[in-house]
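Examination of the molecular architecture
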Amino acid sequence: MLEISISKKLLGATGVIDFELICNFEKEEFWTIFGESGIGKTTLLRMIAGLETPDKGSIKMDGEVWFDSEKKINLIPQKRKVGFVFQNYALFENMSVLQNLLFAQPHKNISKAEEILEAMGLLALKERVPNTLSGGQRQRVALARSIAQEPKILLLDEPLSALDALTRSRLQDELKKTHEIFKLTSLMVSHDRLEVFKLSDQVLWLKEGKIFQIGKPKEIFLSKTSSSKFSFEGEILNIEKKDVIYVVTIGIDKQIVEVVVDESEVQELQVGNIINVSTKAFAPIIKIR
Amino acid sequence: MSELLNPTFWEPFGLTIKLAFITTFFLYLVGIPIAYYLAYTKFRFRAVLEAIIAMPLVLPPSVLGFYFLLAFSQNGFLGALWKDLFGHQLAFHFDGLVIGSIIFSLPFMVHPLLSGFKAMDKFQIEAAHTMGKGKFQTLLKVILPAIKSSLATGGVISFAHTVGEFGVVLMIGGNIDGETKVASIAIYNEVEALNYSMAHSYSLILFAFSFAILWLVYVKLGNEVKGSFHA
């Protein structure tokens, strides 16, 4: 289990953010750190890996202290046994796919490395150098390489954000499958709701540097504030008056819909508002989030 | 043309090439740690160190040569130390030329390496660290292979610059056959002696040689190198 209790001042886009987190991450679970950009999601992973230092607090892995500001303990990244999948994958371009894995292993073992490549469908690519691979292949090699490290925990920093929608969706399935095979405690940073929902056992939702919600994706993303089952989040694109009624155009994911509202309702709506659209009985209800 | 068959005619060229190879070799040993330190370490007097390394770019070679001469003579600090260790002073000796050339060509090695280190993907370095690899191993296995075009650039430019150096070499080396008389000095000598045909022979060969090196650089290394000449 990874036990974290840390605080750090971060310089965000909107000024200084006090990042504070107390959280325990259970073994073998797939966690996602969810939230807007610039609130310390990546920094959290980097602090766990030892690439950045918290101002205060402690980080413990299976009882072993990795960081403790009071006891002045701060283990260097080399001693922490974390696998880190970087956003740009950070593959070593001068080494072949297999050599990338061998370099990552604590003890060089070709057959073990090949087993990992095999399990991930990469064995045919083992002699290739990274810059001859596609984006999706590079991502998988980066994942395979971090598994070859035999880490205690796998940290994934928006691993799929650089890929097109189709590859992304396919790799989400692969990531899930890989997690099921290797059973590594994983922490993934993502700001894509669908991805988070699809992959995670647990979600840690951060807002302004603090925990906003924590729990299973179903509990978090299926809103409990409305009793309706039919509910979508969207953004108001346009409000237009037609005779006595108003037509509100709303973008929901990739769909654009029009909803009729009356004058009393339209008062509090503005273009750009993020809203919930839900139906109870027949009439859609719109309310500001 | 008969002079071309005389081995003493070629001696200055042999000396030039030897000097350039030895200088370049030592510049790698010195330049890589300095550039690495400048690229990845935060410290207060960085600007001072950078200015010192870049000095040979702006100082007249005669100024450097003059100070080298003072330091390298048997009364100078380095010269006296050298005499104790190896039995001869540094001034007017090949060893002195090597040390002078190393210092004089240092920016031509450090600047390309520094830009290579700075352009290096930081995440690859961090990835190697999370894999348990120490700084030295990361430098050797990850960073240096990734910046090999900078290494090649630094080497070629330092080599070419050492071949073309005149002022510093003249000041500290003088003009001793087979010891310090490199090609550029030989040309100066022949002109002084109004021996224009010899000066022509030396000059033309040096001209062709320098052109060949630069042409090779532009063909083989392409755009990455071109900027470094103005570093």
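On a predicted model such as this, the values are computed, not experimentally measured, just so you know.

Quick notes on the domain arrangement of chain A
Assigned domains within chain A: domain 1 (2-221) and domain 2 (230-288). With centres defined by C-alpha atoms, the gap from domain 1 of chain A to domain 2 of chain A works out at 38 Å.

A word on the sheet that holds strand 1 (residues 2-12) of chain A
All names here are of chain A. Overall, antiparallel pairing links the five strands, which are arranged 2-1-4-5-6 in an open sheet. Two strands lie at the open edges of the sheet, namely strand 2 (15-25) and strand 6 (73-74), each paired on one side alone. Bridge count for strand 1 against strand 4 (residues 56-61) is six bridges, and the pairing is antiparallel. Across the sheet, residue I6 finds its bridge partner in strand 4, namely G57.

Looking at the environment of F21 of chain B
With respect to the helices and strands, F21 of chain B occurs in helix 1 (residues 7-40). Separated by 170 residues in sequence, F21 of chain B and V191 of chain B have C-alpha atoms that sit 27 Å apart.

A closer look at the interface of chain B and chain A
Chain B puts 15 residues into the contact, and the matching count from chain A is 16 residues. For the side of chain B that touches chain A, the elements supplying multiple residues, two or more each, are helix 6 (122-130) and helix 7 (135-146) of chain B. Considering every element that reaches the side of chain B that touches chain A, the biggest residue donor is helix 6 of chain B, with six residues. In the side of chain B that touches chain A, the residues fall into six nonpolar, five polar and four charged.

Conventions we followed
- Here the residue index of a chain counts from 1 through its sequence in written order.
- Going through the entries in the order they are written, you letter the chains from A and number the ligands from 1.
- In keeping with the predicted nature of the model, local features appear solely for residues at pLDDT of at least 70, side-chain atom pairs appear and are counted solely at 80 or more, and the whole-chain, interface and lining totals rest on all residues.
- Reported domain spans reflect what an automatic or database domain assignment gives.
- Two strands are counted as paired when DSSP detects at least two bridges linking them.
- Here a helix means four or more residues in a row that DSSP labels H or I, a strand means two or more in a row labelled E, and each is numbered from the N terminus.
- Once C-beta atoms are placed from the backbone, any two residues with those atoms within 7 Å are in contact.
- Under the grouping applied here, Gly and all other residues not named as nonpolar or charged are polar, the nonpolar ones being Ala, Val, Leu, Ile, Met, Phe, Trp, Tyr, Cys and Pro and the charged ones Asp, Glu, Lys and Arg.

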